[in-house]
Amino acid sequence: MTTLTVLGSSGGSPTRTNPASGYLLTSGATSIWLDAGTGTFMALSGHMDPGTLSAVVISHIHVDHCSDLFGLYGYLAHGPSGNVPIPVFVPQGAAEHLSAFARAGEGHVFHTVFDVTEVAPGDEVDVAGTKLRFGKAIHTVPALVTRVETGDAVVTYSGDTGPGSDLTGLANGADLLLCEASIAGERVGDTYPYHLTAAEAGSTAKAARVRRLVVTHFANGVDPATAVVEAKDTFGGPVDSAMPGASFMIEEER
Ligand SMILES: [Zn+2]
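Since this is a predicted model, take the numbers as computed values, not measurements.

Novice: Teacher, can you tell me more about the coordination of the zinc ion here?
Specialist: Each pair of donors in an ideal octahedron of six around a metal sits at 90 or 180 degrees, and each pair in an ideal tetrahedron of four sits at 109.5 degrees. Around the zinc ion, the protein contributes the donor atoms D64 (OD), H65 (NE2), D160 (OD) and H217 (NE2), which lie 2.1 to 2.2 Å from the metal centre. Taken together, the four donor atoms coordinating the zinc ion span angles of 90 to 169° at the metal, a pattern that classifies the geometry as irregular. In primary-sequence terms, the residues that donate to the zinc ion follow D-H-x94-D-x56-H. According to the relative accessible area criterion, D64 is buried, its value standing at 6%.

Novice: Would you mind showing me how to read the sheet that holds strand β2 (residues 22-27) here?
Specialist: Two modes of strand pairing occur in sheets, parallel and antiparallel, and in both the strands are linked by backbone hydrogen bonds. What the seven strands build is an open sheet, ordered β6-β5-β4-β3-β2-β1-β14; its pairing is mixed. Both outer strands of the open sheet, β6 (114-118) and β14 (247-250), are each paired with one neighbouring strand and no more. The average undirected angle you get between the axes of adjacent strands in this sheet is 20°. Both strand β4 (residues 55-57) and strand β5 (residues 86-90) contribute to a ladder of two bridges, which runs parallel. Following the sheet pairing, V56 is matched in β5 by V88. Along the sheet, helix α4 (residues 94-101) contacts β5 and β6; its crossing angle with β6, the most-contacted strand, is approximately 145°.

Novice: Is there a simple way to explain the packing of helix α7 (residues 198-207) against helix α8 (residues 224-235) in this structure?
Specialist: Packed helices, taken two at a time, are described by their axes: the angle between them and the distance between them. In the contact formed by α7 and α8, the axes pass within 7 Å of each other and the chain directions differ by 35°. Taken as a pair, α7 and α8 cross one another with a handedness that is right-handed. Across the interface between the two elements, A198, A199, G202, S203, A205 and K206 of α7 pack against A227, E230, A231, T234 and F235 of α8. Counted by class, the contact of α7 with α8 contains six nonpolar, three polar and two charged residues.

Reading the values: the criteria
Residues numbered from 1 in each chain as written. Predicted model: local features only at pLDDT ≥ 70, side-chain atom pairs only at ≥ 80, totals over all residues. Heavy atoms only, no water. Donors = N, O, S within 2.8 Å, 3.2 Å for Na, K, Ca; no water. Tetrahedral: all angles 85-135°; square planar, octahedral: opposite > 155°, others 65-115°. Buried < 20%, exposed > 50% of the residue type's maximum accessible area, 1.4 Å probe, protein only. Pairing = 2+ DSSP bridges. Helix = DSSP H or I, 4+ residues; strand = E, 2+ residues; numbered from the N terminus. Axes fitted to C-alpha atoms, helices over the stretch in contact; angles between N-to-C directions. Contact = heavy atoms within 4.5 Å. Left-handed = near helix turned anticlockwise from the far one by under 90°. Nonpolar A, V, L, I, M, F, W, Y, C, P; charged D, E, K, R; others polar.

See below:
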């Protein structure tokens, strides 16, 4: 069974009750942390020993998706430690950016605890038998869409993206699409092009013929319940909102 647990789903910054973006995907002994947004390291620690993570995926270097990588860094470098190095997959240009924050020159402990690999759209990697495929997200910095194939389930995560990304292709036939829905209401000509509306999340889910949709990355002014209604309208299938602490279990049905 594959389980997706929401560590946080607040867009842009954490709130008092909801960390920024972060999800834990588990299947058997494999545990993958999808985005290390602000506040999610603590939430992750409530579910597992972070030192036993199989891999971390950072969709892009905005702080609401990567800041808590440094929580894990401190845990591994100075704390109880773990199974190091832990593989960390990041978009192009992000490896240098992240290691610079840790002032990590050659031989620095940052490179002992993390094995950071930059991936590009079209790349595929294997983590203990779980396949990760990456696509292009449309955002203000290099950003990734991630498809995870665990062997018994397919989960696709949008990261932050506007329309025109590889999301529909990478979500094709997925059991669960975890899709950002940062913008309330309808898109008009001058709507910010680097995020999706809930209706667009729904139409992406429909085009990709996914089994279920979970909307996330709720920014200021977006009511998760309204986002669910708007996404259901264009999808026509089951839609949930990614509330912190929620777990979505995907049973094998094939
Ligand atoms: Zn974001």
